[in-house]
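# Coordinates in review
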Amino acid sequence: VSSVKIGNVEVVSILDQAFAFPYGAAYPGVPEAAWQPYKSIYPKCWNSEGAWATNAQVFLVRSGGQNVLVDMGLGPEQQGGPGGQLRANLEAAGVAPGDVNIVVFTHLHYDHAGWAVVGGQPFCPNARHLAPEADWAQVGNTGALFPAKGALDPIQSSGHLELTSGEKSVTPELTIIPTPGHTPGHQSLLIVSAGQRGIILGDVFNHPAQANETDWNAGFDFDQDLARQTRRRVMERLEQDGSVVASGHYPAPGFGRLVREGGRRIFKEL
Ligand SMILES: [Zn+2]
């Protein structure tokens with residue numbers, strides 16, 4: 001179990017599943033040669049076949065006695081592999097699904113909502129589920145990587161769904177802020193506690209090279225221009241304020257800070 005403290009808040013990185021994606025498919029607009037300098041900066045992001053090595057990992061945030069789970073991974077049955085490990089790794093962190101008080105979805109892509117409903121029931125049966133309203137409207141749009149129509153309905157029918165838009169306080173130390181573009185309702189979770197700052201970024205960047213190359217889009221950014229604008233704005237601010245950044249797609253545990261090195265803005269692992 002790997003965790004960081006941000007003031008009085010603890011953030012625990014929980015791996016669901018590692019996976020890989022061909023660079024050309026994930027970033028169709030980025031020429032292969034442009035990645036070259038980043039291979040030595042982020043060697044963990046290339047596997048032995050030269051594909052993008054990435055993770056579906058989620059973050060357990062402990063704030064004021066509340067267990068807040070941010071995102072829900074690829075899910076228990078995925079892509080012919082052994083399936084996601086969220087349940088086992090959450091329990092290894094001492095938290096049963098029923099102990100989760102609040103689920104925050106940064107967005108509703110299938111790789112962030114895979115465990116939301118298991119066996120027709122919410123995986124976290126006692127949790128308020130805070131999901132972006134603009135993404136809820138996309139459920140069923142599987143071509144844009146959202147879950148199948150009806151897949152998340154048990155969250156709503158069991159009375160656990162709260163749709164979000166704009167800023168929303170989750171606990172006195174945790175605030176949802178809008179970071180749209182990757183999906184229409186994409187949101188991040190800001191942590192401010194005892195003078196320290198952190199952010200759970202969601203997919204404002206998928207690959208850490210995008211901290212510097214803010215104009216590089218993943219092919220699955222829903223609104224490419226808005227994703228670029230948001231990325232530029234957020235990365236500039238995080239470089240300035242020195243926040244701890246938690247990235248769900250960076251190889252585990254995914255904690256770092258944005259610092260300037262060699263003329264580039266770099267995601268430097270903690
Ligand atoms: Zn993602």
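The structure displayed is predicted, hence computed values, not measured ones.

### Notes on the sheet that holds strand β1 (residues 2-6)
Sheet strands pair by backbone hydrogen bonding; their relative direction is either parallel or antiparallel. An order of β1-β2-β3-β4-β5-β8-β9 is seen for the seven strands of this open sheet, with the pairing classed as mixed. One side of each edge strand has no neighbouring strand; the edge strands of this open sheet are β1 and β9 (161-164). Averaged over neighbouring strand pairs, the angle between their axes works out to 25° when direction is ignored.

### Quick word on the sheet that holds strand β11 (residues 174-178)
In spatial order, the strands read β10-β11-β12-β13-β14-β15-β16; together these seven strands make up an open sheet with mixed pairing. In the strand order of this sheet, the two ends are held by β10 (168-171) and β16 (264-269), each with one partner. With strand direction ignored, the average angle separating the axes of adjacent strands in the sheet is 30°. Relative to strand β13 (residues 196-200), strand β12 (residues 187-193) is paired through five bridges, and the arrangement is antiparallel.

### Brief notes about helix α6 (residues 224-241)
For α6, with 18 residues, the first-to-last C-alpha span of 26 Å sits near the 26 Å given by 1.5 Å per residue. Considered for burial, the residues of α6 that qualify are Ala227, Thr230, Arg231, Val234, Met235 and Leu238. Take α6 and look down its axis: the buried residues cluster within an arc of 125°, on one side only. Gly242 sits one or two positions beyond α6 and adopts a positive phi of about 70°.

### Considering the coordination of the zinc ion
Protein-derived coordination of the zinc ion comes from Asp111 (OD), His112 (NE2), Asp203 (OD) and His249 (NE2), at a distance range of 2.0 to 2.6 Å. In this structure, the zinc ion is coordinated by four donor atoms arranged in irregular fashion, with angles at the metal of 89 to 163°. Look at where the donors of the zinc ion fall in the sequence and you get D-H-x90-D-x45-H. With a gap of 138 residues between them, Asp111 in the loop between β5 (102-104) and β6 (117-118) and His249 in the loop between β14 (244-246) and β15 (255-261) connect regions that are remote in the sequence. Comparing Asp111 with His249, the two get one shared label, buried.

### Let's talk about unusual backbone geometry
With an omega dihedral of 0°, the bond running from Ala252 to Pro253 counts as a cis peptide bond. You can see Pro253 is positioned in the loop between β14 and β15. A positive phi angle, close to 75°, is found at Leu145, a residue other than glycine. If you trace the backbone, Leu145 turns up in the loop between α4 (133-136) and α5 (153-157).

### Some thoughts on the environment of Ser2
Structurally, Ser2 is set in strand β1. Residue class for Ser2 comes out partly exposed when judged on its relative accessible area of 30%. Each C-alpha atom, one on Ser2 and one on Asp221, is 29 Å from the other, the two residues being 219 residues apart in sequence. The residues touching Ser2, leaving out its near neighbours within four places in the chain, are Val11, Val12, Ser13, Pro253 and Phe255.

### Thoughts on the packing of aromatic side chains
Counted under the stated rule, the structure contains 16 aromatic pairs. Ring geometry for Trp35 against Trp46: centres 6.1 Å apart, planes inclined by 75°, an arrangement best described as edge-to-face. With Trp35 in the loop between α1 (23-26) and α2 (36-41) and Trp46 in the loop between α2 and β3 (52-63), this pair connects stretches of sequence that are 11 residues apart. Like Trp46, Trp35 is buried. The ring of Tyr38 is capped by Arg264, whose NZ or CZ atom sits 5.3 Å from the centre of that ring.

### A word on the environment of Pro184
Mapped onto the secondary structure, Pro184 falls in the loop between β11 and β12. With 72 residues separating them in the primary sequence, Pro184 and His112 have C-alpha atoms 15 Å apart.

### Observations regarding the environment of Gln240
Positionally, Gln240 belongs in helix α6. Of the residues examined, Gln240 reaches a relative accessible area of 71% and is grouped as exposed. In this structure, the C-alpha to C-alpha distance between Gln240 and Val259, residues 19 residues apart in sequence, is 8.6 Å.

The rules behind each value
- The residue numbering used here restarts from 1 in each chain and proceeds along that chain's sequence as written.
- Totals for whole chains, interfaces and linings use every residue, but because this is a predicted model, local features are given only for residues with pLDDT of at least 70 and side-chain atom pairs only at 80 or more, for both listing and counting.
- Side-chain numbers here rest on the full set of heavy atoms in the structure, without hydrogens or water.
- By the convention used here, strands pair only if DSSP detects at least 2 bridges between them.
- Starting at the N terminus, helices and strands are each numbered in turn, a helix being any DSSP run of H or I of at least four residues and a strand any DSSP run of E of at least two.
- For helices, the fitted axis covers only the stretch in contact; all axes are lines through C-alpha atoms, and the angles between them, taken along N-to-C directions, range from 0 to 180 degrees.
- Expected span of a helix, by definition, is 1.5 Å for each gap between consecutive residues, and there is one gap fewer than residues.
- For the exposure calls, accessible area comes from a 1.4 Å probe over protein chains only, and a residue counts as buried if that area is under 20% of its type's maximum, exposed if over 50%, partly exposed in between.
- As used here, the arc belongs to the directions running from the helix axis to the C-beta atoms.
- The rule for donors is simple: N, O or S, within 2.8 Å of the metal, or within 3.2 Å if the metal is Na, K or Ca. Water isn't counted, so a site may look like it is missing partners.
- Here a site with four donors is tetrahedral if all angles are between 85 and 135 degrees, and a site with four or six donors is square planar or octahedral if opposite donors are over 155 degrees apart and the other angles are between 65 and 115; anything else gets the irregular label.
- It only takes one pair of heavy atoms within 4.5 Å for two residues to be counted as in contact.
- Classification of ring pairs rests on two measures: the distance between centres of Phe, Tyr or Trp rings, Trp counted by its six-membered ring, which must be within 6.5 Å, and the angle between planes, read as stacked under 30 degrees, edge-to-face over 60 and tilted in between.
- Put simply, a charge is over a ring when the Lys NZ or the Arg CZ is close to the ring centre, within 6 Å, and near the line of the ring normal, within 35 degrees.

Don't take any of this as a statement about function, it's just geometry.
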